[in-house]
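Notes for the structure review
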Amino acid sequence: MSTEPAPAAAAPPEQAPEPPVATPAATTTTTTTTTSGGSGEPPEHRALVLTGFGGYEKVKVQARRGGGPRPGEVSVRVRACGLNFADLLARQGLYDRLPPPPVCPGMECAGTVCALGDGVSERQVGDKVMVLARSGLWQEVVNVPAGQTFPMPEGMSFEEAAALLVNYITAYMILFDFGNLRPNQSVLIHMAAGGVGTAAIQLCKTVENVTIFGTASASKHDTLKESGVAHPIDYRTMDYAEEVRKISPKGVDIVLDPLGGSDTSKAFHLLKPMGKLITYGVANLLTGQKKNLMAMAKTWWNQFSINALQLLHQNKAVCGYHLGYMDEEYELIGGVVAKLISLYNQGKIKPKIDSVWPFDQVADAMRQMQEKKNVGKVILVPEAPKEESKKEEN
């Protein structure tokens, strides 16, 4: 993938006034020089830019002109970025928290603080940090509010740090804040080999005697069993609801639903009395590289609906979770991150890295996830990973 200058980006009105949104450490530029020269202009850096909605080719490496952090912000030299399912939806125009293109995607990254804005005292130049934002983090350098950065635990790699925030915050809040997971309960985890699925499995293992059902293609079942899934189910060849009922006739206590459509209804009917369904995605919308109107229509037509009176009679709970709409919940998110870091330091959780891809191979990285070949997190890095990094993954 060639590096090309970016077109002038339109700053969406919804993005500018909201402090939780990442501020790219750049404005787009039409030059291709990589040094500041004699003009005093800041140097350029590379960024991944969504140039329009559609297939993999719509995300391109482009040059951006850097700028310093504003008051309250820090500049971070990015070493690794997380690829999330929402990024795949965003590429097709199906994720409403991403500003319109041309725009730099990316909700999480990890790197080193390289500059401080006025008024920043909680970070120092040289600090290794994890970063969470609504968008804008797939760049070599980013400016973000200091409150959106979290110190990396000792011994954590940049790749692990880029794999922690979105997936583990989501899994933790779904399981414990909404799900109230307790000993001797059972959980159904869809897409169990993905980023959130892997995080959810590890978090379930921190509670005594939790029985885990996990859906994934058959080739991933051995890995799932090793990680703690008692009952892997091949959703491609089996009716997972029937398989769960064979083992647990009353169903399960908690269902994690990232699928949407008719699967949400199946999940609700799989709940035991006092069971909890947490829906947190619409993966069924994604059937190919580009937006599929038939899949959209089918998903929305089959979308689960229930009224309060029916819930009262069922003795079940339905919860909705969307991390992208908790931009301003600093204390809430910060508290969850502190708990996750503690679990990491105790050795109870550890992000599983599926693969690491340089920015130039972003299309292959997206394909890896969209075709559901990954087991764990797909990571993007500004430069090609060294051989020793690949060995550490394995």
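That block above? That's the structure.
Here we summarise the structure given alongside this text. (Residues numbered from 1 in each chain as written. Predicted model: local features only at pLDDT ≥ 70, side-chain atom pairs only at ≥ 80, totals over all residues. Heavy atoms only, no water.)

Check the secondary structure of the protein chain and you find eleven helices and 18 strands. Scored against the burial criterion, the 394 residues of the protein chain give a buried share of 55%. Partitioning the contacts of the protein chain with sequence separation of at least 6, the portion at a separation of at least 24 is 70%. In the structure as shown, the protein chain presents an accessible area of about 17,300 Å², 52% of it carried by carbon and sulfur atoms. (Helix = DSSP H or I, 4+ residues; strand = E, 2+ residues; numbered from the N terminus. Buried < 20%, exposed > 50% of the residue type's maximum accessible area, 1.4 Å probe, protein only. Contact = heavy atoms within 4.5 Å. Areas by Shrake-Rupley, 256 points an atom, 1.4 Å probe, with all protein chains shown as cover.)

The subject of this paragraph is the packing of helix H2 (residues 158–178) against helix H9 (residues 330–345). Two elements in contact, H2 and H9, have axes whose closest approach is 10 Å; the angle formed by their N-to-C orientations is 110°. As judged from the angle between their axes, H2 and H9 are roughly perpendicular. Contacts between H2 and H9 pair Glu160, Leu165, Tyr168, Ile169, Tyr172, Met173 and Asp177 from the former with Leu332, Ile333, Val336, Val337, Lys339, Leu340, Leu343 and Tyr344 from the latter. Its residues placed into classes, the contact of H2 with H9 shows twelve nonpolar, no polar and three charged. (Axes fitted to C-alpha atoms, helices over the stretch in contact; angles between N-to-C directions. Parallel < 35°, antiparallel > 145°, perpendicular 65-115°, else oblique. Nonpolar A, V, L, I, M, F, W, Y, C, P; charged D, E, K, R; others polar.)

With four of five residues buried, strand E12 (residues 211–215) is to be regarded as a mostly interior element. Bridge analysis of strand E11 (residues 186–189) against E12 gives four bridges, and the strand direction is parallel. The partner of Leu188 across the bridge, within E12, is Phe213. In this region the chain leaves E11, passes through helix H3 (residues 195–204) and returns to the parallel neighbour E12; the handedness of that crossover is right-handed. Across three bridges, E12 lies against strand E13 (residues 231–233) in parallel orientation. Its bridge partner being in E13, Phe213 is matched across the sheet by His231. What joins E12 to E13 is helix H4 (residues 221–227), and the crossover it makes is right-handed. (Pairing = 2+ DSSP bridges. Right-handed = clockwise from strand over helix to strand, strands pointing away.)

What follows covers the packing of aromatic side chains. Each aromatic ring pair is specified by the distance between its two centres and by the angle formed by the two planes. Scanning the model with the defined rule gives one aromatic pair in all. Centroid distance Tyr172 to Phe176: 4.8 Å. Interplanar angle 50°. Geometry classified as tilted. One end of the pair, Tyr172, and the other, Phe176, are both in helix H2, four residues apart, so they sit about a helical turn from each other. Geometry around Tyr240 places Lys266 over its ring, the cationic atom sitting 4.1 Å from the centre. One residue, Lys316, lies across the ring of Phe268, its end atom 4.8 Å from the ring centre. (Phe/Tyr/Trp six-rings, centres within 6.5 Å; stacked < 30°, edge-to-face > 60°. Lys NZ or Arg CZ within 6 Å of the ring centre and 35° of its normal.)

Position of Glu328 relative to the elements: it lies in the loop between strand E16 (317–320) and H9. For the pair formed by Glu328 and Gln148, sequence separation is 180 residues and the distance between their alpha carbons is 9.9 Å.

If you trace the six strands from one edge of the open sheet to the other, you get E13-E12-E11-E14-E15-E16, paired in parallel fashion. Single-partner strands in this sheet number two, and they are E13 and E16. Averaged over all pairs of adjacent strands, the angle between strand axes in this sheet comes to 15°, irrespective of strand direction. Both strand E15 (residues 271–279) and E16 contribute to a ladder of four bridges, which runs parallel. Of the residues in E16, the one forming a bridge with Leu277 is Val318. Each of E11, E12 and strand E14 (252–257) touches H3; the most contacted strand, E11, lies at about 170° to it.

So, about the pairing of strand E4 (residues 44–50). By the criterion of burial, E4 is predominantly enclosed, with seven of the seven residues buried. Relative to strand E5 (residues 59–66), E4 runs antiparallel, the two sharing seven bridges. Among the inter-strand pairings, Leu50 is bridged to a residue of E5, identified as Val59.

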